[in-house]
Amino acid sequence: MLYLAQVRKNDFLDQHQLRLLARQEADNLWAIIPEEAFILLGKGKIMSENLLVLVELSPTGDIEKIEDATNWILHLVQSYLTIGITPEFLQHEAERAEHWRQSLTLQNQDLARRSLELEARREQIQALEESLKRDKNGYTQEES
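Here we summarise the structure given alongside this text.

1. Digging into the overall build of the chain
Along the chain, the regular secondary structure elements total two helices and five strands. Relative to a compact globule of 144 residues, whose C-alpha radius of gyration would be 15 Å, the chain shows 35 Å and is clearly more extended. Counting only C-alpha atoms and orienting by the principal axes, one finds that the chain spans roughly 120 × 35 × 20 Å. Residues classed as buried in the chain amount to 17% of the 144 residues present. Roughly 11,500 Å² of accessible area belongs to the chain as shown, and the carbon and sulfur atoms make up 55% of that amount. The distance from the centre of the 16 positive side-chain charges to the centre of the 25 negative ones in the chain is 2 Å.

2. Digging into the sheet that holds strand 4 (residues 52-57)
If you trace the five strands from one edge of the open sheet to the other, you get 3-2-1-4-5, paired in antiparallel fashion. Two strands lie at the open edges of the sheet, namely strand 3 (29-40) and strand 5 (63-68), each paired on one side alone. Going from strand to strand, the sheet's axes swing by 30° on average, the running direction of each strand aside. Bridge count between strand 2 (residues 15-26) and strand 3: eight bridges; the pairing is antiparallel. Residue Gln24 lies in a different strand from strand 3, and its bridge partner there is Trp30.

3. Here's the deal with the nonpolar core
Counting eleven residues, the largest nonpolar core consists of Tyr3, Ala5, Val7, Leu18, Leu20, Ile33, Ile39, Leu41, Val53, Val55 and Leu57. Elements represented by at least two residues in this core include exactly strand 1 (2-10), strand 2, strand 3 and strand 4. Each residue touching Leu18, except ones within four places of it in the same chain, is listed here: Ala5, Gln6, Val7, Ala37, Phe38, Ile39, Leu41, Val53, Val55, Ile63 and Ile66.

4. Brief notes about a nonpolar patch on the surface
A contiguous nonpolar patch, built from Phe12, Leu13 and Leu40 and spanning about 340 Å² of accessible area, is present on the exposed surface. Mapped onto the secondary structure, Leu40 falls in strand 3.

5. Focus: the pairing of strand 4
As paired strands, strand 1 and strand 4 are joined by five bridges and run antiparallel to one another. Residue pairing for strand 4: Leu4 is matched across the bridge by Leu54. With five bridges joining them, strand 4 and strand 5 adopt antiparallel strand pairing. Within strand 5, the position partnered with Val53 by the bridge is Asp68. Between strand 4 and strand 5, which pair antiparallel and follow one another directly, the connecting turn spans five residues, one of which, Gly61, has a positive phi of 95°.

Definitions and cut-offs
Residues numbered from 1 in each chain as written. Predicted model: local features only at pLDDT ≥ 70, side-chain atom pairs only at ≥ 80, totals over all residues. Heavy atoms only, no water. Helix = DSSP H or I, 4+ residues; strand = E, 2+ residues; numbered from the N terminus. Rg over C-alpha atoms; globule rule 2.2 N^0.38 Å. Buried < 20%, exposed > 50% of the residue type's maximum accessible area, 1.4 Å probe, protein only. Areas by Shrake-Rupley, 256 points an atom, 1.4 Å probe, with all protein chains shown as cover. Lys, Arg positive; Asp, Glu negative; His and termini not counted. Charge placed at Lys NZ, Arg CZ, Asp CG, Glu CD. Pairing = 2+ DSSP bridges. Axes fitted to C-alpha atoms, helices over the stretch in contact; angles between N-to-C directions. Core = buried A, V, L, I, M, F, W, Y, C linked by side-chain atoms within 4.5 Å. Contact = heavy atoms within 4.5 Å. Patch = residues over 30% accessible without salt bridge, like charges linked within 9 Å, V, L, I, M, F, W, Y side chains within 5 Å. Salt bridge = Lys/Arg side-chain N within 4 Å of Asp/Glu carboxyl O.

So, in structure tokens, the structure goes:
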């Protein structure tokens, strides 16, 4: 699993560790890790303190790969922040989509109601036609 982490120095153990900040849930979905979670890098592994890295962990929690997150962060900035996609913009778009969905639901309900009304009127007209046919046949038989 892929994580965004920050390199920290553990003074007590005199070695560097990674503080896990977020984890990738899906391709474009990340979850913040609210509690402090650390992984020791081991003695001899020296990295710049406060460096942001992408770290891939095995299912057992072993570090499989570490890379500098600079290019990844720049890609996020270029893809989303240079065109004005902000949390407020996304919230506004989500609200617009919800209003659109509600409007379509109301339109669908209105169409269904109209369809039922038309079906009821069609049945009334058929019943009236049958009644007129019976009355006409009855009138014709009385004349004979």
